[in-house]
Protein chains: 2
Amino acid sequence: MDTAKIRLHVEQPLGPGQTVRLEQGQAHYLFGVMRQGVGAPVALFNGTDGEWLAEVAEAGKKAGALTCLRQIQPQRMPPDLWLLFAPIKKARTDFIVEKATEMGAARICPVQTDFTNSERIRQDRLQAHAVEAAEQCGGTFVPPVDDLAKLGRLLDAWDPARRILFCDETLASGEALDMPRDGGPWAILIGPEGGFSEAERARLAALPHAHAMRLGPRILRADTAAVAALTLWQSRLGDWV
Amino acid sequence: MDTAKIRLHVEQPLGPGQTVRLEQGQAHYLFGVMRQGVGAPVALFNGTDGEWLAEVAEAGKKAGALTCLRQIQPQRMPPDLWLLFAPIKKARTDFIVEKATEMGAARICPVQTDFTNSERIRQDRLQAHAVEAAEQCGGTFVPPVDDLAKLGRLLDAWDPARRILFCDETLASGEALDMPRDGGPWAILIGPEGGFSEAERARLAALPHAHAMRLGPRILRADTAAVAALTLWQSRLGDWV
């Protein structure tokens, strides 16, 4: 009873004795797919109250309820790091959202660049991927996924206190891996498969709060580059230190 | 004529004036799918002779030939880093091979661990993924993909001069990111989704040439962990430095 193998993200507040009602999808998953019954242990988190051990109090086909027993993990917020990326093919976009969640991004911002083909994204579907990834990776936080925004407009309204690390494969190897050492709010920006346009690269290079970074001598796909850049940041400035 | 947008991996030697015959699959891709004709520029690499600019000399439905003009990139070998990983679901296994190639692993070794479900892999299919990834990432080297081997047997016959970096999510945060700074041959070992067994963890911990590493406070999927571990190694000991 002390360990729950199933973790669910819920929207309700969590606290001692709190009853959490399940909506149809989660009831189907828990009782139909995973075949859990009354008394089964389940771990719950809602993104603000940490992780709680709960047990099933009512199990039905279309609904159910859990009772919170005790907190088993405090709430942990990720460092103040956003991931901006240009959506690519569907499967790889899903992967980027999943990976950004596992890697501890605080906010995920799909951006439309000059060479981005996508004109729209399914924000609700991407947000659901972030929830699933948080359930899977043991985190207690789910990064919000924004709707698609134009990179140019985002930069127009950008708070210069949040520095930008952008990956530029055109940098020469002598320019090395320019990973700054100063903390504070950051955003990583990953371009589309075709890279940034000349105009975008020039604009980014001129921003005093933007830093270019090179990710090795090979050209990485956008999903690989996202994980690599998040790794470098987390291991030097983030919660991997 | 100076820039080729299409890169192909071929098996033949490359040199000035060298004729390279295409087999059916590549002829179909180049002439049928990509609609290239005689005189079109194509970049070729074979894993040993660097990258060559070539032009189409004959274009047929089932065959064709190219003539090498000049070398446009020297051969670049990756650092002596192997990636050992436990195969998981098909799509994610494909991704790991693709990512390991982009990230510059010199050899890819699928291993069967106590908690690995796969009993066989399609080595030929995984090798084809490595070739495709090399074509895509601009590298001139294709890492060989081994057939599935038992982790225990590999460790029995292991050369202790090749150190092993294994990812252990059970390490406490105080033990931090134990990334050694010494060069030479290395292998990164990524466990299956269920982690290593107690027996495997004990055996690895007892090996003087094995080092445990923690990849942050969240549990990473195997494909994410592979990219993260390769990033840390490449940025400190490899060809990203």
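In this report, the structure presented in the accompanying data block is examined. (Residues numbered from 1 in each chain as written. Chains lettered and ligands numbered in written order. Predicted model: local features only at pLDDT ≥ 70, side-chain atom pairs only at ≥ 80, totals over all residues. Heavy atoms only, no water.)

## Brief notes about the overall build of chain A
Scanning chain A from terminus to terminus reveals six helices and eleven strands. With the C-alpha coordinates aligned to their principal axes, the bounding extent of chain A is approximately 60 × 35 × 35 Å. Sequence-distant contacts in chain A: of pairs separated by 6 or more residues, those separated by 24 or more amount to 71%. About 10,600 Å² of surface is accessible on chain A, with carbon and sulfur atoms providing 51% of the total. (Helix = DSSP H or I, 4+ residues; strand = E, 2+ residues; numbered from the N terminus. Contact = heavy atoms within 4.5 Å. Areas by Shrake-Rupley, 256 points an atom, 1.4 Å probe, with all protein chains shown as cover.)

## Describing the relation of the copies chain A and chain B
Mapping chain A onto chain B calls for a screw motion: a turn of 180° about the axis and a shift of 0.0 Å along it, with 0.0 Å RMSD after fitting. Classification of the inter-copy transformation places it as that of a two-fold axis. When C-alpha positions in chain A are compared against the rotation axis, the closest is assigned to alanine 228 of chain A, at 3.0 Å. (Least-squares fit on C-alpha atoms with pLDDT ≥ 70 in both.)

## What to know about the interface of chain A and chain B
Of the residues lining the interface, 31 residues belong to chain A; the matching set on chain B comes to 31 residues. When chain A packs against chain B, the two sides together hide about 2,900 Å² of surface, and 56% of this comes from carbon and sulfur. Interface area lost by chain A to chain B is led by Glu102, Arg218 and Trp240 of chain A, which between them contribute 24%. Put simply, glutamate 98 of chain A and arginine 92 of chain B hold a salt bridge, and the shortest N to O gap is 2.8 Å. Of all the elements in the fold, those that place two or more residues in the side of chain A that touches chain B are helix H2 (90-103), helix H3 (123-137) and helix H6 (222-236) of chain A. Per-element accounting of the side of chain A that touches chain B gives the leading share, nine residues, to H6 of chain A. Here the side of chain A that touches chain B is built from residues that sort into twelve nonpolar, nine polar and ten charged. (Buried area = accessible area lost by both parts, 1.4 Å probe. Salt bridge = Lys/Arg side-chain N within 4 Å of Asp/Glu carboxyl O. Nonpolar A, V, L, I, M, F, W, Y, C, P; charged D, E, K, R; others polar.)

## Some details on the sheet that holds strand E7 (residues 107-112) of chain B
Residues and elements named next belong to chain B. On the basis of which strands lie adjacent, the open sheet formed by six strands has the order E8-E7-E6-E10-E9-E11 and parallel pairing. Whereas interior strands pair on both sides, the edge strands pair on one side only; in this sheet they are strand E8 (149-150) and strand E11 (210-213). Pairing between strand E6 (residues 81-85) and strand E10 (residues 186-190): five bridges, direction parallel. The residue bridging leucine 83 from the neighbouring strand is isoleucine 188, located in E10. Sheet contacts for helix H2 (residues 90-102): E6 and E7; angle to E6, the most-contacted strand, approximately 170°. (Pairing = 2+ DSSP bridges. Axes fitted to C-alpha atoms, helices over the stretch in contact; angles between N-to-C directions.)

## Observations regarding the packing of H2 of chain B against helix H6 (residues 222-236) of chain B
All names here are of chain B. Remark: H2 packs on H6, axes separated minimally by 9 Å, with the N-to-C direction vectors making an angle of 10°. As summarised for this structure, H2 and H6 are arranged roughly parallel, according to the angle between their axes. On H6, the residues that touch Arg92, Ile96, Lys99 and Ala100 of H2 are Ala222, Asp223, Ala226, Val227 and Leu230. (Parallel < 35°, antiparallel > 145°, perpendicular 65-115°, else oblique.)

## Here's the deal with a nonpolar patch on the surface
Residues and elements named next belong to chain A. Together, Tyr29, Val33 and Met34 give the surface a local cluster of nonpolar side chains, amounting to about 240 Å² of exposed area. Considering the arrangement of structural elements, one finds methionine 34 in the loop between helix H1 (24-33) and strand E3 (41-45). Residue classification places methionine 34 among the partly exposed positions, given a relative accessible area of 33%. (Patch = residues over 30% accessible without salt bridge, like charges linked within 9 Å, V, L, I, M, F, W, Y side chains within 5 Å. Buried < 20%, exposed > 50% of the residue type's maximum accessible area, 1.4 Å probe, protein only.)

## Quick word on the pairing of strand E3 (residues 41-45) of chain B
Residue and element names in this part refer to chain B. Counting buried positions over the five residues of E3 gives four, a clear majority of the element. Pairing of strand E1 (residues 7-9) with E3 involves three bridges; the strand directions are parallel. What sits directly across from histidine 9, in E3, is phenylalanine 45. Where E3 lies against strand E4 (residues 51-59), five bridges are found, and the strand directions are antiparallel. The residue bridging phenylalanine 45 from the neighbouring strand is glutamate 51, located in E4.

These results come straight from atomic positions and should not be treated as a statement about function.
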